[in-house]
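# Secondary and tertiary structure notes
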Amino acid sequence: MKYRRLTKEQLEELHPEFINFLATQSITAEEWDTLKKEKPEVAEEEIDVFSDLIWEGVLSKVEYLENVSERHMNLFHLTEKEMKLLSVKILNPEIDLRTEVGFGWFKRNYQSDFVEYLSASKAYSEDKNVDKFELIKQGAVITKGELYQWFEQIMEH
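Okay, so let's go over this structure. Position numbers for residues count from 1 along each chain, tracking the sequence in the order it is written. Reporting of local features is limited, given that this is a predicted model, to residues whose pLDDT is at least 70; pairs of side-chain atoms are given and counted only at 80 or more, and all residues count toward the totals for whole chains, interfaces and linings. To get the side-chain values, all heavy atoms of the structure are used, and hydrogens and water are removed first.

### Remarks on unusual backbone geometry
Our working rule: The helix and strand labels rest on DSSP assignments: H or I over at least four residues marks a helix, E over at least two residues marks a strand, and numbering proceeds from the N terminus.
For Ser26, which is not glycine, the phi torsion reads 60 degrees and is therefore positive. Checked against the element boundaries, Ser26 lands in the loop between helix 2 (15–24) and helix 3 (29–38).

If you want it as structure tokens, here you go:
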């Protein structure tokens, strides 16, 4: 398996797509039920293949990821050729960026000495979707990139 098996909730959400996937494998609903009972390992493999297909589709479209912790914010812009990172470190121990109060403090004090910035870029390995997935495994979430773009504008001024 290249990525990670979809959760039960994700699979339920994608039930119509899974039915279509089984149909492309020429597996009927009746055959699927038999497969689950008599050859659970084959059924598991089918779920894994389906999961990888879904991940592949999602990852190929992802442009922005964010990983926000108590005092760090890592914002990624995943371009065609490279991964760009805008990293923010808060030096004020009383601030938690994950809270509304903490993030509000940051928006008011982003130019203070209590905030450090770093920007970097890195080329993808031979499989950029695996690179993106690694960031997600480390806690990054897919976003529309508003925060990254806001930062980019700040840094230009």
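### A few points about the sheet that holds strand 1 (residues 64–68)
Here is the rule we go by: Any two strands with at least two DSSP bridges between them are considered paired. Helix axes use the C-alpha atoms of the stretch in contact, all axes being lines fitted to C-alpha atoms, and the angles between their N-to-C directions lie in the range 0 to 180 degrees.
Across the sheet, which stays open at both edges, the 5 strands sit in the order 4-3-2-1-5 with antiparallel pairing between neighbours. Of all strands in the sheet, those bounded by a partner on one side alone are strand 4 (115–123) and strand 5 (141–143). Strand after strand, the sheet turns through a mean of 25 degrees between neighbouring axes, direction not considered. Where strand 1 and strand 2 (residues 72–78) come together, 5 bridges link them in antiparallel fashion. By the bridge assignment for strand 2, Val68 is matched with Met73.

### Here we look at the packing of aromatic side chains
Put simply, the rule is: Pairing of aromatic rings covers Phe, Tyr and Trp, the last through its six-membered ring, and needs centres within 6.5 Å; plane angles under 30 degrees mean stacked, over 60 mean edge-to-face, and all others mean tilted. We call a residue buried when its accessible area falls under 20% of the maximum for its residue type, exposed when it is over 50%, and partly exposed in between, using a 1.4 Å probe and counting protein chains only.
Tallied over the entire structure, the rule returns 13 aromatic pairs. Arranged with centres 6.0 Å apart and planes meeting at 25 degrees, the rings of Phe18 and Phe21 form a pair that is stacked. Separated by 3 residues within a single helix, Phe18 and Phe21 lie in helix 2, roughly one turn from each other. Like Phe21, Phe18 is buried. For the pair Phe18 and Phe50, a centre-to-centre distance of 5.0 Å together with 70 degrees between the ring planes defines the contact as edge-to-face. Linking Phe18 in helix 2 with Phe50 in helix 4 (residues 40–61), this pair joins segments that are 32 residues apart in sequence. Judged by its relative accessible area of 2%, Phe50 is buried.

### Quick notes on the packing of helix 4 against helix 6 (residues 128–137)
Filter applied, for reference: Here the word oblique covers every angle except those under 35 degrees (roughly parallel), over 145 (roughly antiparallel) and from 65 to 115 (roughly perpendicular). It only takes one pair of heavy atoms within 4.5 Å for two residues to be counted as in contact. Classification convention: Asp, Glu, Lys, Arg as charged; Ala, Val, Leu, Ile, Met, Phe, Trp, Tyr, Cys, Pro as nonpolar; all other residues, Gly among them, as polar.
Between helix 4 and helix 6, the shortest axis-to-axis distance is 9 Å and the interhelical angle comes to 90 degrees. Judged on the interaxial angle alone, helix 6 and helix 4 are roughly perpendicular. Facing Trp55, Glu56, Leu59 and Ser60 of helix 4, the residues of helix 6 in contact are Asn129, Lys132, Phe133 and Ile136. Split into classes, the residues belonging to the contact of helix 4 with helix 6 amount to 4 nonpolar, 2 polar and 2 charged.

### Concerning the pattern of salt bridges
Rule in force here: Salt bridges are identified by distance alone: a Lys or Arg side-chain nitrogen within 4 Å of an Asp or Glu carboxyl oxygen.
Following the criterion strictly, the structure yields 11 salt bridges and no others. Of the charged contacts, one joins Asp127 and Lys2 as a salt bridge, the two residues approaching to 2.6 Å between their closest N and O atoms. Remark: Lys2 occurs in the segment before helix 1 (8–13) and Asp127 occurs in the loop between strand 4 and helix 6; sequence separation between them is 125 residues. Among the residues examined, Lys2 registers a relative accessible area of 40% and is labelled partly exposed. Residues Glu70 and Arg98 are paired through a salt bridge, measuring 4.0 Å at the closest nitrogen-oxygen approach. Of this pair, Glu70 sits in the loop between strand 1 and strand 2 while Arg98 sits in the loop between strand 3 (82–90) and helix 5 (100–109); the two residues are 28 residues apart in sequence, bridging distant segments of the chain. Taken together, the shared-partner salt bridges in this structure form one network comprising Glu70, Arg71, Asp96 and Arg98.

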